Protein chains: 2
Amino acid sequence: MQSLNDQDEKSAVGTAVSCSGIEAFLAKHKIKPTRQRVAIATHMFEKEQHLSADTILERVNNDAGTTSVSKATVYNTLKLFVKQGILKEVALDPQRILFDTNVSDHHHVLNLDNGDIRDIEPVKINLQDIEGINQNLNVSGVDLIIRVRDSEPD
Amino acid sequence: MQSLNDQDEKSAVGTAVSCSGIEAFLAKHKIKPTRQRVAIATHMFEKEQHLSADTILERVNNDAGTTSVSKATVYNTLKLFVKQGILKEVALDPQRILFDTNVSDHHHVLNLDNGDIRDIEPVKINLQDIEGINQNLNVSGVDLIIRVRDSEPD
DNA sequence: ATGTCTGCAAAAAATTTGCAGTCCC
DNA sequence: GGGACTGCAAATTTTTTGCAGACAT
């Protein structure tokens with residue numbers, strides 16, 4: 001249950017962003033809140049979640065309450081959101097690129113049996129632990145995906 | 001410097017697969033060694049490496065010594081190799097899906113400054129260390145990518 | 001000749017680009 | 001009205017599918 005790491009705006013931003021606060025939320029991140037962007041953001045930030053570009057397109061266009069948008073706009077907008085730091089792009093596996101509303105440093109546990117994706121605390125990576133690595137390097141990011149199954153291996 | 005974990009065939013299979021041994025190598029993994037597959041495998045297993053489908057296509061078709069192949073065949077063949085366990089598909093980042101000749105359990109260190117990809121030993125993940133997780137789950141796979149830079153952050 | 005398998009052209013899906021129309025000043 | 005920006009049609013790129021031909025009985 002992580003917040004968007006936004007200090008002010010405590011009522012509008014909880015685990016997600018309330019509909020009325022979306023415009024301010026976008027504006028605060030230097031994103032002009034156009035109709036299309038608000039529509040996409042409304043669905044994306046409805047709650048803490050991991051969605052594909054396709055799912056977002058579907059949800060936006062099936063919701064009579066928001067403008068409908070083209071696929072290109074969904075891609076361009078999600079990429080803009082990533083650039084502005086309100087979304088994170090995650091390659092859950094080679095066939096599944098998702099956009100994650102949790103932009104804090106964290107990792108994922110993917111349940112292969114039911115498809116659930118669970119966010120977990122970042123692990124501490126010590127380059128010292130990796131043999132033979134150049135110690136002058138500095139870590140700029142760590143992606144960790146743990147695939148699990150419910151039942152025991154047979 | 002990891003081998004392909006193949007016991008017999010010690011001369012043909014070192015860190016890579018020698019050209020002459022390719023057909024036997026494919027056959028051993030229940031892959032009929034057709035001209036196209038041999039061409040693709042020759043370039044892929046030339047040495048321990050991480051290549052995109054596109055790079056493989058280019059290399060195969062620029063090599064007068066091997067049959068040229070269509071893009072579809074490259075995709076289908078690489079997928080077949082993954083299914084048969086002689087390649088691993090790695091989502092290095094959302095924009096870069098690579099095929100890795102190292103199929104043993106391992107992780108990656110990606111140097112963002114020079115593009116180098118380095119294989120490292122698998123980390124031991126203890127579900128006990130992850131708070132709030134259902135302990136009846138069992139881990140079926142762990143992907144870890146560490147992004148590093150040469151110089152210190154400014 | 002018949003059933004299985006291969007390679008690839010064509011189709012489909014995913015992503016990017018270029019530009020017509022808007023929005024500010 | 002002019003520079004900057006937006007959304008999307010069209011182009012491009014990536015991936016999948018379907019089927020004509022090859023191959024092994």
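Please refer to the structure placed before this passage.
Residues numbered from 1 in each chain as written. Chains lettered and ligands numbered in written order. Predicted model: local features only at pLDDT ≥ 70, side-chain atom pairs only at ≥ 80, totals over all residues. Heavy atoms only, no water.

Enquirer: Outline the protein's contact with DNA strand D, listing residues and values.
Expert: Taken together, 15 residues form the shell around DNA strand D, and within it T34, Q36 and T73 of chain A together with Y75 and K79 of chain B come nearest. When atoms of DNA strand D within 4 Å of the protein are sorted by moiety, sugar and phosphate together comprise 71%. A distance of 3.0 Å separates a phosphate oxygen of DNA strand D from a polar atom in the side chain of R37 of chain A. In this structure, N76 of chain A approaches DNA strand D through a side-chain N or O atom, which is 2.9 Å from a base nitrogen. (Near = heavy atom within 4 Å. Polar contact = N/O pair within 3.5 Å; in protein donor to acceptor, adjacent residues only side chain to side chain.)

Enquirer: So what's going on with the interface of chain B and chain A? Residues and values would help.
Expert: Each partner contributes residues to the interface: chain B has 36 residues there, and chain A has 36 residues. Summing the contributions of chain B and of chain A, the shared interface buries around 2800 Å²; its carbon and sulfur component is 57%. Taken together, the connections running from chain B to chain A amount to two salt bridges. One salt bridge in this structure joins R147 of chain B and D143 of chain A, with 2.5 Å as the shortest N-O distance. Between the two partners, chain B and chain A, sit ten residue pairs in polar contact (both at pLDDT 80 or more). Secondary structure elements with two or more residues in the side of chain B that touches chain A: β2 (88-93), β4 (107-111), β5 (117-120) and β6 (138-149) of chain B. At twelve residues, the largest contribution of residues to the side of chain B that touches chain A is made by β6 of chain B. Of the residues belonging to the side of chain B that touches chain A, the class tally is 17 nonpolar, eight polar and eleven charged. (Contact = heavy atoms within 4.5 Å. Buried area = accessible area lost by both parts, 1.4 Å probe. Salt bridge = Lys/Arg side-chain N within 4 Å of Asp/Glu carboxyl O. Helix = DSSP H or I, 4+ residues; strand = E, 2+ residues; numbered from the N terminus. Nonpolar A, V, L, I, M, F, W, Y, C, P; charged D, E, K, R; others polar.)

Enquirer: Account for the packing of helix α3 (residues 53-62) of chain B against helix α4 (residues 71-83) of chain B, with residues named and values stated.
Expert: To characterise two packed helices, one gives the angle between the axes of the helices and the distance between these axes. Residue and element names in this part refer to chain B. Running from N to C, α3 and α4 cross one another at 120 degrees; their axes reach a closest spacing of 10 Å. Overall, the two elements α3 and α4 adopt an arrangement that is oblique. Seen from above, α3 lies across α4 with right-handed handedness. Where α3 abuts α4, its residues A53, D54, I56 and L57 lie against K71, V74, Y75 and L78. (Axes fitted to C-alpha atoms, helices over the stretch in contact; angles between N-to-C directions. Parallel < 35°, antiparallel > 145°, perpendicular 65-115°, else oblique. Left-handed = near helix turned anticlockwise from the far one by under 90°.)

Enquirer: An account of the packing of helix α2 (residues 35-44) of chain A against helix α4 (residues 71-83) of chain A is needed here, citing residue identities and associated values.
Expert: Residues and elements named next belong to chain A. Two elements in contact, α2 and α4, have axes separated by 10 Å at closest approach and are oriented at 70 degrees. The angle between the axes of α2 and α4 places the two elements in the roughly perpendicular class. Within the contact between the two elements, α2 uses Q36, R37, I40, A41 and M44 and α4 uses T73, V74, T77, L78, L80 and F81. The residue makeup of the contact of α2 with α4, split by class, is seven nonpolar, three polar and one charged.

Enquirer: Residue-level account of the relation of the copies chain B and chain A, with values.
Expert: A rotation about an axis combined with a shift along that same axis relates the two copies of the chain. For the pair chain B and chain A, the superposition axis carries a translation of 0.0 Å, the fit reaches an RMSD of 0.0 Å, and the rotation angle comes to 180 degrees. In short, the pair behaves as if placed about a two-fold rotation axis. Relative to the rotation axis, the closest C-alpha in chain B is found at L144 of chain B, a distance of 2.2 Å. Interface residue correspondence from chain B to chain A reaches 100%, placing this contact among same-surface, isologous pairings. (Least-squares fit on C-alpha atoms with pLDDT ≥ 70 in both.)

Enquirer: Tell me about the sheet that holds strand β3 (residues 96-100) of chain B, residues and numbers included.
Expert: Strands pair in a sheet through their backbones, by hydrogen bonds, and they do so in one of two ways: parallel or antiparallel. All names here are of chain B. Spatially, three strands are ordered β1-β3-β2 in an open sheet, and the strand pairing comes out antiparallel. Since the sheet does not close on itself, it has two edges, and those belong to β1 (50-51) and β2, each with one partner. Pairing geometry for β2 and β3, over five bridges, is antiparallel. In the sheet register, E89 faces β3, and the bridge partner there is F99. (Pairing = 2+ DSSP bridges.)

Enquirer: Outline α4 of chain B, listing residues and values.
Expert: Residue and element names in this part refer to chain B. With 13 residues, α4 ought to run about 18 Å at 1.5 Å a step, and its terminal C-alpha atoms sit 18 Å apart, in line with that. Those residues of α4 that are buried lie in contact with α1 (22-28), α2 (35-44), α3 and β3. Within two residues after α4, G85 carries a phi angle of roughly 85 degrees, on the positive side. (Expected span 1.5 Å × (residues − 1).)

These figures capture arrangement, not role.
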